[in-house]
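Given next are the chains, with one letter for each unit.
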Amino acid sequence: MALLAYLKSLFILQLLMGFVFVVSGLIINFIQLCTCILWPINKRLYRIINCRLAYSLWSQLVMLLEWWSGTECTLYTDQATVDKFGKEHVITILNHNYEIDFLCGWTMCERYGILGSSKVLAKHELLKVPLIGWTWYFLEIVFCKRKWEEDRKTVFSSLDRLKDYPEYMWFLLYCEGTRFTETKHQISMQVAESKGLPKLKYHLLPRTKGFTTTLQCLKGTVTAVYDVTLNFKDNQTPTLLGIVSGKKYKADLSVRRFPVEDIPDDEKECAIWLHKLYQEKDALQESYKKEGKFPGPTITPKRRPWTLLNFLFWATVLLSPLINFAYGVAVTSIAIRRLIGVTEVKKTGSSYGNPEAKKEN
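Residues numbered from 1 in each chain as written. Predicted model: local features only at pLDDT ≥ 70, side-chain atom pairs only at ≥ 80, totals over all residues. Heavy atoms only, no water.

Here we come to the overall build of the protein chain. In terms of helices and strands, the protein chain carries 13 helices and eight strands. The buried share among the 361 residues of the protein chain stands at 46%. Carbon and sulfur atoms form 61% of the exposed surface of the protein chain, whose accessible area is close to 19,500 Å². (Helix = DSSP H or I, 4+ residues; strand = E, 2+ residues; numbered from the N terminus. Buried < 20%, exposed > 50% of the residue type's maximum accessible area, 1.4 Å probe, protein only. Areas by Shrake-Rupley, 256 points an atom, 1.4 Å probe, with all protein chains shown as cover.)

Written out as structure tokens, the structure is:
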């Protein structure tokens, strides 16, 4: 185990994994670009292909979490809820406290077969980022500038296009809008006080517009809202660098399912429902701090081999030429060194210009 931990800490291995991810991502982006010709001909086929291509890229990150670091993910929910995973369109609400919270969400998507079709409401700036933004663009991710006057038309039209999406999707929302920090929390609670809302201890005040708009546009397509509250055992503070270095974490996710018909249609009432939901999420986090676990039964879904096999495929395709090149360079350098050694005068055995050698002869 010590040897394995040492190997995972080697920068050269981490660099090679990064190389595989970046180069495979660019190849996938190019293939996605080529699939655009399918959109006017067969939109369904375009979407199915792009779901598989997105899976091939995102599963490499999930592989780091599941197989490289060995991070464990435990669900606190009932079997009836789990039985619906991957079998319905849903909106998923996740707290935004950790660097790897999106990876924990993705590993749940992967284990229930919907990683490639997962969606998110993303910042417009990400659209310009290779690999991430480009893959999301072809996957019809909804981008917004966080200025409702500018976003209204774009967001509504983007969400409307997803109504007939052929693959079951989890539409992930970070209703807090940004990652939790103490400074942001203080500012957020000042806003809560000014609006007469109960203060939260472990979350920022949720921004209701994104949730109410998404629910309104996708009603009739999504059948439920999953509330997911994430925390880590032993007060761990996981990081992406820790995952890349092979550090193991233990993630706990409380999952609650709310049927869409139980959520108010009225925008104002829906916003009140969301605020109440975050008060319940805060109570769940308080319980976790005291008990070291969430309430309810636990289920640990098994990791699937596909993320590992997908990474090994790309590693084989992309690293084999490098290994062959390095091997060729090594063999060539050895051969040249041997050739130089053979041609050195002192090793040729010639007696030309050597009086001592002539006497001996």
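After that view of the structure, there is still more to cover.
Here we come to helix H5 (residues 101–111). Taking burial as the measure, the eleven residues of H5 include ten buried ones, the bulk of the element. Restricting attention to buried positions, one finds in H5 the residues Asp101, Leu103, Cys104, Gly105, Trp106, Thr107, Met108, Cys109, Glu110 and Arg111. Gly113 sits one or two residues past H5 and shows a positive phi near 75°.

For the rest of this paragraph, the subject is unusual backbone geometry. Its identity as a non-glycine residue notwithstanding, Glu140 has a phi of 65°, on the positive side. By the element assignment, Glu140 lies in the loop between helix H6 (132–138) and strand E4 (142–144). A positive phi angle is found at Asp234, which is not glycine, with a value near 60°. One can find Asp234 in the loop between strand E6 (224–232) and helix H10 (240–244). By relative accessible area, Asp234 is classed as exposed at 69%.

Now for the UniProt feature "transmembrane region" (unreviewed entry) in the protein chain. Here the UniProt-annotated "transmembrane region" (unreviewed entry) positions come out as residues 12–41 and 311–336. Within the segment residues 12–41, helix and strand shares are 77% and 0% respectively, and the terminal C-alpha atoms sit 45 Å apart. (UniProt positions renumbered as here; feature names shortened; annotations may be inferred.)

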